[in-house]
Amino acid sequence: VSYPLALPSWDGEELAALQAVIDSGRFTMGDRVRELEQRFADTVGSRFAVMVNSGSSANLLMAAALRYRTSEPAAPGDEIIVPAVGWATTYYPFAQLGFRLVLVDVEPDTYNLDPAALAAAIGPRTRAVCVVHALGNPCALDAITRVIAQANDDGGRIDLLEDTCEALGARFAGKQCGSHGAMGTYSFFFSHHISTMEGGMVVTDDADLAETLVCLRAHGWTRDLPSGSKLAGTLSDDPFDRQFRFLLPGYNVRPLELSAAVGLVQVAKIERFVEQRRRNAAVARELLAPFAGTFDLQRETAESSWFGFGITITGVDRRLVTRSLLASGIEHRPIITGNFARQPVLAHLDHRVSGPLSGADRIDRCGLFVGNREHDLTAELTLLASTLEGATERRLAA
Ligand SMILES: Cc1ncc(COP(=O)(O)O)c(C=O)c1O
């Protein structure tokens, strides 16, 4: 492979951090997790951060917290508006918690939720909008928050949620993506902006939501709640009783100290990592400029953290392009799930589709993405450009 989708971003520091945990003999959630939560909250500008064992678990807790929060919890049957292009585990938790998914179109060039389609999808049961900042590209949060504010002025009770699992370090109006709504989620899986092997985070500014998330993360018990917790209320504070007191139907999605130890090293590198990804994007933009109209790079909204380089193809058969990429050793993938409404799993999820999904279909039929990382990719992107050029020449010859 000459241009892999991803490579490890660790050096000796991360390995030393792992060794320190091994030497300590304490592997389960402890001080390192708490320290990383604080550092992460400071980094993205949120009041609270709750670490979990994956981005999917972060989405699960976010959906469950909406359902079990102390004030104005959402009810089964309430609707959650989602873009038709997202990750599978953006969708599953909402449906599993009894909510109805409402799939809405995305813009074919930014790959993100279309604000006009969102406005048309809002109904009396709409309880939240969960945006996905696709491939690191911020959604049009100004237009989206305006649509939500208008609906709430008209008597709605709609929260903005952000699946930021592909977009750590992206900013909209100078503010970190993930920190604009009621809750935001992140993934630290391999190939993401920072990697802790497996890992994820939920952030919020709301103290009640933070307590609910903490309770749901581990068995739904009271043990990890702070003293004076509103959620625990007037329960006995007898230390014996508090060992096994269960409040909510939670999970066990706790992270390991090993992940947090690596996360503490990686979190200090976020800015440098994202800056390099942005420099690579500038190179990609320049090299692909001559192919505008045939191979179009994802259109950036605000400040993307460039998870990868999404390309939509016009006038050339995608199979011809993917064959050329394979021959050049350039790894590539569909743009996330394509149009999720076309995935067979939808038969298992309560949902409705609002409006046409032509933007999502275009991404599904004509899109692909290649990797980005925290190293200079000029050589790899030059190979990409010459491979694409070769594909167009083969089309002309055909
Ligand atoms: C948008 C989005 N949400 C959620 C996830 C799930 O994260 P994880 O793989 O850490 O479970 C991903 C994974 O890449 C993702 O791209």
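Details of the structure are given in the entry above.
Residues numbered from 1 in each chain as written. Predicted model: local features only at pLDDT ≥ 70, side-chain atom pairs only at ≥ 80, totals over all residues. Heavy atoms only, no water.

1. Things to note about unusual backbone geometry
With a phi close to 70°, Tyr111 is a non-glycine residue in the positive phi region. With respect to the helices, strands and loops of the structure, Tyr111 is situated in the loop between strand E3 (100-104) and helix H5 (115-121). Tyr111 gets classed as buried once you look at its relative accessible area, which sits at 1%. Within the chain, Met197 stands out as a residue other than glycine whose phi angle is a positive 75°. Structurally, Met197 is set in the loop between strand E8 (183-187) and strand E9 (200-204). (Helix = DSSP H or I, 4+ residues; strand = E, 2+ residues; numbered from the N terminus. Buried < 20%, exposed > 50% of the residue type's maximum accessible area, 1.4 Å probe, protein only.)

2. Regarding the packing of helix H1 (residues 12-24) against helix H9 (residues 257-267)
For the pair H1 and H9, the least separation of the axes is 9 Å and the interaxial angle reads 145°. In terms of crossing hand, the pair formed by H1 and H9 is right-handed. Contacts from Glu13, Glu14, Ala17, Leu18, Val21 and Ile22 of H1 reach H9 at Glu257, Leu258, Ala261, Val262, Val265 and Gln266. Considered class by class, the residues forming the contact of H1 with H9 number 8 nonpolar, 1 polar and 3 charged. (Axes fitted to C-alpha atoms, helices over the stretch in contact; angles between N-to-C directions. Left-handed = near helix turned anticlockwise from the far one by under 90°. Contact = heavy atoms within 4.5 Å. Nonpolar A, V, L, I, M, F, W, Y, C, P; charged D, E, K, R; others polar.)

3. Notes on the pairing of strand E2 (residues 79-83)
A large share of E2 lies buried, amounting to 5 of its 5 residues. Because side chains alternate across E2, one face comprises the buried residues Glu79, Ile81 and Pro83, and the other comprises Ile80 and Val82, equally buried. Pairing geometry for E2 and E3, over 5 bridges, is parallel. Paired with Glu79 across the bridge in E3 is Arg100. Assessed by its sense of winding, the connection that carries the chain from E2 through helix H4 (residues 88-96) to E3 is right-handed. Relative to strand E4 (residues 126-132), E2 runs parallel, the two being bridged by 3 bridges. Bridge pairing in E4 places Glu79 opposite Thr126. (Pairing = 2+ DSSP bridges. Right-handed = clockwise from strand over helix to strand, strands pointing away.)

4. Thoughts on the site of the ligand
Lining the immediate environment of the ligand, one finds 14 residues, of which Gly55, Ser56, Asp163, Glu166 and Ser187 sit closest. Measuring from an oxygen atom of the ligand, one finds a backbone N or O atom of Gly55 at 2.8 Å. In the environment of the ligand, an oxygen atom lies 2.6 Å from a nitrogen or oxygen atom belonging to the side chain of Glu166. Calculation on the ligand without its partners gives an accessible area of 390 Å², and the protein chains cover 90% of this total. (Near = heavy atom within 4 Å. Polar contact = N/O pair within 3.5 Å; in protein donor to acceptor, adjacent residues only side chain to side chain. Areas by Shrake-Rupley, 256 points an atom, 1.4 Å probe, with all protein chains shown as cover.)

5. Brief notes about the nonpolar core
Residues Leu66, Ile80, Phe94, Leu161 and Met183 are the most contacted members of the largest nonpolar core, which totals 39 residues. When contributions to this core are tallied by element, the ones reaching two or more residues are strand E1 (48-52), helix H3 (55-68), E2, H4, E3, E4 and helix H7 (207-217). For this core, the element with the most residues is H3, which contributes 7 residues. Leave out the neighbours within four places in its chain, and Phe94 touches Ala63, Ile80, Phe99, Leu101, Cys130 and Leu161. Ala284, Ile313, Leu368 and Leu384 belong to the second largest nonpolar core, which has 24 residues in total. (Core = buried A, V, L, I, M, F, W, Y, C linked by side-chain atoms within 4.5 Å.)

6. Describing the pattern of salt bridges
Taken as a whole and assessed by the stated rule, the structure comprises 22 salt bridges. A salt bridge links Glu79 to Arg352, with the shortest nitrogen-to-oxygen separation between them at 2.8 Å. Placement of Glu79 in strand E2 and of Arg352 in strand E12 (residues 351-353) is noted, with a sequence separation of 273 residues between them. Assessed through its relative accessible area of 8%, Glu79 is described here as buried. (Salt bridge = Lys/Arg side-chain N within 4 Å of Asp/Glu carboxyl O.)

7. Comments concerning H3
Taking 1.5 Å of rise per residue, 14 residues should cover 20 Å, and H3 covers 20 Å from first to last C-alpha, within 8% of that figure. Along H3, 11 of the 14 residues are buried, which leaves the element largely enclosed by surrounding structure. For H3, the full list of buried residues reads Gly55, Ser57, Ala58, Asn59, Leu60, Leu61, Met62, Ala63, Ala64, Ala65 and Leu66. A side-chain oxygen of the first residue of H3 lies 3.3 Å from the backbone nitrogen of Ser56; this N-cap is Ser54. (Expected span 1.5 Å × (residues − 1).)

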